[in-house]
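Take a look at the letters that make up each chain.
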Amino acid sequence: MLEEIPVLEAAQAVAAPPSLDLLLKLAGPDMRAVDALIREHMDSPVPVIPALADHLIAGSAKRLRPLLTIAAARLCGARDDACLKLAAAVEFIHTATLLHDDVVDSSELRRGRVAAHLIWGAPASVLVGDFLFARAFELMVGAGSMAALEILARASRVISEGEVLQLTRSHDLDLTQDVYIDIIRAKTAELFAAAAEAGAVSAGAPPERCRALRQFGQDLGLAFQLIDDALDYSSDAVTLGKNPGDDFREGKVTLPLLLAMQRTAASERDFWVRTVDRREQAPADLDHAIALMRETRALDDTLGLAVRHADSAKAAIADYGSNSWRPALQDLADFAVMRRA
């Protein structure tokens, strides 16, 4: 069982209000160049491709994963622009997976916009996702680092495995916490880890620093996904950019739901079978599920685990770098657990 950490105590575990201001300021020139690369490589003589891709990419305000690639490279002393193409490739990989995920999950909103598959159709969304994967690999080859190419190619494979594992274990009332962590480590944390590692590799960093930045990215990604899972039961559509409660409606077993099911076991078994396994849901069922999560401290403990991963991420790079990039990355870890969307 997870150690119980109240929501307030979890919030207080972060010493100062989190801000990405330093990171965004440091990475500003690089990210403008990355955005230009993204726009250039979204172009296609087939009109639906840039239109559909822009619909999703334009909704990404912070581009956290490309930021991570840039920050890792600069932390490791990179002076050239090799990391820029890798950062753009990371954004394309991420966007491609979102397009595919929204089709699989029948999502209605993404980043506050109508999901692309509802406008252009599922086939076009899947195929444009494939186009973005292809563009990502072109950018990786253009970066000229075989090691970085291997890291991001492996990440693409691991992400797909994680998505398939999640699909095969959907609506599974007997899902264990270990399997759940395996799923989010693959489907979310792997790209964070690969983004940071590829940035370090492109800078020619020694193996121990590359490993430390990979660990930073992985813990950051785990914290990020855990907070996403908690926000699905504690935020609103305007703030979240998607419909809250979508995970519950889809019968997707995330950690808050998993812990609530485990801790109510016999008394609510019929409720969980009906709503999660069979997905026969009444309008009031989501509110009841949230009440059970609060009663069993499932949301508190999900937040607590996210804080521990953020702390682990900061510790991984505590001894690296004498410039401003290290505290900027540590601010990113704090932001991951304190954000509201």
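Residues numbered from 1 in each chain as written. Predicted model: local features only at pLDDT ≥ 70, side-chain atom pairs only at ≥ 80, totals over all residues. Heavy atoms only, no water.

## Comments concerning the overall build of the chain
Which entries qualify depends on this criterion: We count a stretch as a helix when DSSP gives it H or I for four or more residues in a row; a strand needs E for two or more, and each element gets its number in order from the N terminus. It is over C-alpha atoms that the radius of gyration is taken, and the globule rule equals 2.2 Å times the number of residues to the power 0.38. Here a residue-residue contact requires only that any non-hydrogen atoms of the pair lie within 4.5 Å. Residues counted as positive are Lys and Arg, residues counted as negative are Asp and Glu, and His and the chain ends are not counted. To locate a charge, take atom NZ for lysine, CZ for arginine, CG for aspartate or CD for glutamate.
When helices and strands are tallied, the chain shows 17 helices and two strands. For 341 residues, the compact-globule estimate of 2.2 N^0.38 gives 20 Å, and the chain sits close to it at 20 Å. For the chain, the spread of C-alpha atoms along the principal axes amounts to about 60 × 50 × 30 Å. Put simply, 76% of the contacts in the chain that link residues at least 6 apart link residues at least 24 apart. Taking the 36 positively charged and 49 negatively charged side chains of the chain as two groups, their mean positions are separated by 4 Å.

## Quick word on the environment of Val 103
Along the polypeptide, Val 103 turns up in helix α5 (residues 82-105). Sequence spacing of Val 103 and Ala 115 is 12 residues, and the spatial spacing of their C-alpha atoms is 8.7 Å. Aside from chain neighbours lying at most four places away, what touches Val 103 is His 117, Ala 122, Ser 125 and Val 126.

## Some points on unusual backbone geometry
The phi dihedral of His 171 falls on the positive side, at around 65°, and the residue is not glycine. Among the secondary structure elements, His 171 is positioned in the loop between α8 (146-168) and α9 (177-202).

## Things to note about a nonpolar patch on the surface
Put simply, the rule reads: What goes into a patch is any residue over 30% in relative accessible area without a salt bridge, connected to like charges within 9 Å or, for nonpolar side chains (Val, Leu, Ile, Met, Phe, Trp, Tyr), within 5 Å. Only the protein chains shown count as cover for residues, and the accessible areas themselves come from Shrake-Rupley with a 1.4 Å probe. The term salt bridge refers to a pairing of a side-chain nitrogen on Lys or Arg with a carboxyl oxygen on Asp or Glu at a separation within 4 Å. Relative accessibility thresholds used throughout: buried, under 20% of the residue-type maximum; exposed, over 50%; partly exposed, between the two (1.4 Å probe, protein chains only).
On the surface, Val 114, Leu 118 and Ile 119 cluster together into a nonpolar patch covering about 260 Å² of accessible area. Relative to the assigned elements, Val 114 resides in strand β2 (residues 113-114). A relative accessible area of 41% places Val 114 in the partly exposed class.

## Here's the deal with the packing of helix α13 (residues 255-264) against helix α16 (residues 298-316)
Rules: Simply put, an axis is a line fit to the C-alpha atoms, just over the touching stretch for a helix, and the angle between two N-to-C directions goes from 0 to 180 degrees. Any angle from 65 to 115 degrees is called roughly perpendicular, while one under 35 is roughly parallel, one over 145 is roughly antiparallel, and all others are oblique. Handedness of a helix crossing follows the sense of rotation of the near helix relative to the far helix, less than a right angle counterclockwise being left-handed and clockwise being right-handed.
At their nearest, the axes of α13 and α16 sit 8 Å apart, and the two run at 135° to each other. By the angle between their axes, α13 is oblique relative to α16. Considering only the axes of α13 and α16, their crossing is right-handed. Touching Leu 255, Pro 256, Leu 259, Ala 260 and Arg 263 of α13 are Ala 298, Leu 299, Asp 301, Thr 302 and Leu 305, all from α16.

## Looking at the packing of α8 against α9
Helices that pack against each other are described as a pair by the angle of their axes relative to one another and the distance between those axes. For clarity, the cut-off: For this scheme, ten residues count as nonpolar: Ala, Val, Leu, Ile, Met, Phe, Trp, Tyr, Cys and Pro. Four count as charged, namely Asp, Glu, Lys and Arg, and the remainder, Gly too, count as polar.
Where α8 meets α9, the closest approach of the two axes is 7 Å, and the angle between their N-to-C directions is 170°. One finds that α8 runs roughly antiparallel with respect to α9. When α8 is examined against α9, the residues Ala 147, Ala 148, Ile 151, Leu 152, Arg 154, Ala 155, Val 158, Ile 159, Gly 162, Glu 163, Leu 165 and Gln 166 are found in contact with a partner set consisting of Ile 183, Ala 186, Lys 187, Glu 190, Leu 191, Ala 194, Ala 195, Glu 197, Ala 198 and Val 201. Split into classes, the residues belonging to the contact of α8 with α9 amount to 15 nonpolar, two polar and five charged.

## A few points about the confidence of the model for the chain
Worth spelling out the cut-off: Every residue carries a pLDDT, the predictor's confidence in it, which falls somewhere between 0 and 100.
In the predicted model, the chain carries a mean pLDDT of 88, and the fraction of residues at 70 or more is 90%. When the elements of the chain are averaged for pLDDT, helix α1 (residues 7-12) gives the smallest value, 43, and α9 the largest, 97. This model gives residues 1-16 a pLDDT under 50, and the stretch forms 30 contacts once residues within four places in sequence are excluded.

## Overview of helix α15 (residues 285-295)
Keep this limit in mind: Note that the arc is defined by the directions from the helix axis to the C-beta atoms.
All buried positions along α15 are accounted for by Asp 285, Leu 286, Ala 289, Ile 290, Leu 292 and Met 293. Seen from one end, α15 has its buried residues packed into an arc of 160°, which puts them on one side. Summarising the geometry of α15, the exposed residues directed more than 90 degrees from the buried face are Asp 287, Arg 294 and Glu 295. Tucked into the core, α15 has its buried residues touching α12 (246-249), α13, α14 (269-277) and α16. Just past α15, the residue Arg 297 takes up positive phi, approximately 65°.

## A word on helix α17 (residues 325-338)
In an α-helix, one full turn covers 3.6 residues, which means residues spaced three or four apart are oriented alike. Defined as follows: Residue count minus one, scaled by 1.5 Å, sets the expected span of a helix.
With 14 residues, α17 should reach 20 Å at 1.5 Å per residue; the first-to-last C-alpha distance of 20 Å fits that figure. The buried fraction of α17 amounts to 10 of the 14 residues, a majority that puts the element mostly inside the structure. Along α17, the residues classified as buried are Trp 325, Ala 328, Leu 329, Gln 330, Leu 332, Ala 333, Asp 334, Phe 335, Ala 336 and Val 337. Those residues of α17 that are buried lie in contact with α2 (21-42), α4 (64-75), α10 (207-231) and α16.

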